[in-house]
Amino acid sequence: MEIIPLPAFSDNYLWLIHDGRHAVAVDPGDDGPVARALDERGLTLAAILITHHHGDHTGGIAALARPGMPVYGPAAEAIAGVTHPLADGDRVVIDAPALSLQVIAVPGHTRGHIAYVGEGMLFCGDTLFNGGCGRLFEGTPAQMHASLARLSALPGDTRLYCAHEYTLANLEFALAAEPDNPDRDRYRERCRALRDEGRPTLPTDIATQRAINPFLRCDSPSLRAKLSMTDAPDERVFAELRAWKDRF
Ligand code: ZN
Ligand code: FE
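A. How the structure looks around the overall build of the protein chain. Across its full length, the protein chain carries nine helices and 14 strands. Relative to the 2.2 N^0.38 estimate, which gives 18 Å for 248 residues, the radius of gyration of the protein chain is 18 Å and therefore close to what a compact globule would have. Across its three principal directions, the C-alpha atoms of the protein chain cover 55 × 40 × 30 Å. The buried share among the 248 residues of the protein chain stands at 53%. Restricting to contacts in the protein chain with at least 6 residues of sequence separation, those with at least 24 account for 57%. For the protein chain, the accessible surface area stands at approximately 10,600 Å², while carbon and sulfur atoms represent 49% of it.

Here's what the structure looks like:
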């Protein structure tokens with residue numbers, strides 16, 4: 001099984017999972033890059049997975065879907081072309097490429113946002129980013145905090161395939177928010193080197209995110225000192241941090 005990032009728009013990655021013959025596209029916001037990748041590699045598209053309703057994640061559905069092809073997406077959001085609406089706890093089983101993924105509801109960025117986890121992989125759309133998290137367009141800080149807590153509790157070696165290359169900007173904010181984090185400083189250098197070579201900083205993994213992502217580190221003394229919130233509950237620290245990032 002191979003998972004390849006297809007760059008799209010200014011900073012999206014459309015993920016293609018394939019076994020050499022059959023492929024699954026995750027969040028195909030644009031059909032062009034997906035169609036070209038299928039063509040170049042001689043792959044047949046077997047299914048589409050959607051995490052949430054935003055156009056940069058759904059725009060390619062109509063052009064890519066064929067009659068009978070399953071298009072999975074969140075039941076709680078109205079998305080044209082979705083044939084298999086999913087809710088928390090549902091499972092997606094695909095024969096080729098052989099995939100078994102569990103659905104986790106992760107409201108926050110949008111109200112009905114879902115993530116797909118299994119086979120050591122997590123496809124989480126615009127919920128958890130490398131070094132950051134999605135904006136709260138529809139959900140509350142409490143919802144997003146709970147969603148991120150569920151993702152953070154996955155096994156540390158779970159590889160994270162998020163939908164945007166926001167890493168360097170996120171890590172610049174991380175440096176401001178949590179000044180004292182040497183692991184993050186080293187990781188930032190590695191990500192800079194990757195971007196200098198024009199390479200993606202993804203996938204990352206959950207253990208790395210627990211170590212460097214301020215939005216998963218609301219208990220960090222350095223971060224709490226910076227926010228002057230030494231004794232506040234994690235959820236309030238998260239809300240303050242997210243609001244600061246919006247202005248950063
Ligand atoms: Zn989005
Ligand atoms: Fe997006």
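Still to come is the rest of the account.
B. Representation of unusual backbone geometry within the structure. Cis peptide bonds are those with omega within 30 degrees of zero, and the linkage from Ala96 to Pro97 qualifies with 0°. Residue placement: Pro97 occurs in the loop between strand S7 (91-94) and strand S8 (99-105). Following Leu202, the chain continues to Pro203 via a peptide bond in cis, the omega torsion being -5°. Among the secondary structure elements, Pro203 is positioned in the loop between helix H6 (182-196) and strand S14 (204-205). The backbone of Phe9 sits at a positive phi, close to 50°, despite the residue not being glycine. Tracing the backbone through its elements, the reader meets Phe9 in the loop between strand S1 (2-8) and strand S2 (12-18). Here the phi dihedral of Asp27 falls at roughly 50°; this positive angle occurs in a residue that is not glycine. Within the element layout of this structure, Asp27 appears in the loop between strand S3 (22-26) and helix H1 (31-41).

C. Quick peek at the coordination of the zinc ion (ligand 1). The protein atoms that coordinate the zinc ion (ligand 1) are His52 (NE2), His54 (ND1), His109 (NE2) and Asp126 (OD), at distances spanning 2.2 to 2.3 Å. Coordination at the zinc ion (ligand 1) is irregular, judged from the four donor atoms that bind it and the angles of 85 to 172° they form at the metal. Taken in sequence order, the residues that donate to the zinc ion (ligand 1) follow the motif H-x1-H-x54-H-x16-D. Here the zinc ion (ligand 1) and the iron ion (ligand 2) are spaced 3.2 Å apart, and both take Asp126 as a donor. Residue His52 is located in the loop between strand S4 (44-49) and helix H2 (55-58), and its partner His109 is located in the loop between S8 and strand S9 (114-118); the two are separated by 57 residues in the primary sequence.

D. Up close: the nonpolar core. In this structure, Val92, Tyr116, Leu122, Phe123 and Leu151 are the most contacted members of the largest nonpolar core, which totals 50 residues. Counting contributing residues, this core receives three or more from each of domain 1 (1-106 + 113-127) and domain 2 (167-248). Apart from residues no more than four positions distant in its own chain, Phe123 is found in contact with Ile3, Trp15, Ile17, Val26, Thr51, Ala115, Tyr116 and Tyr161. Within the second largest apolar cluster, 19 residues are counted, among which are Leu14, Leu16, Ala37 and Ile61.

Cut-offs and rules
- Residues numbered from 1 in each chain as written.
- Chains lettered and ligands numbered in written order.
- Predicted model: local features only at pLDDT ≥ 70, side-chain atom pairs only at ≥ 80, totals over all residues.
- Heavy atoms only, no water.
- Helix = DSSP H or I, 4+ residues; strand = E, 2+ residues; numbered from the N terminus.
- Rg over C-alpha atoms; globule rule 2.2 N^0.38 Å.
- Buried < 20%, exposed > 50% of the residue type's maximum accessible area, 1.4 Å probe, protein only.
- Contact = heavy atoms within 4.5 Å.
- Areas by Shrake-Rupley, 256 points an atom, 1.4 Å probe, with all protein chains shown as cover.
- Donors = N, O, S within 2.8 Å, 3.2 Å for Na, K, Ca; no water.
- Tetrahedral: all angles 85-135°; square planar, octahedral: opposite > 155°, others 65-115°.
- Core = buried A, V, L, I, M, F, W, Y, C linked by side-chain atoms within 4.5 Å.
- Domains from an automatic or database assignment.

This is a description of form; function is not addressed.
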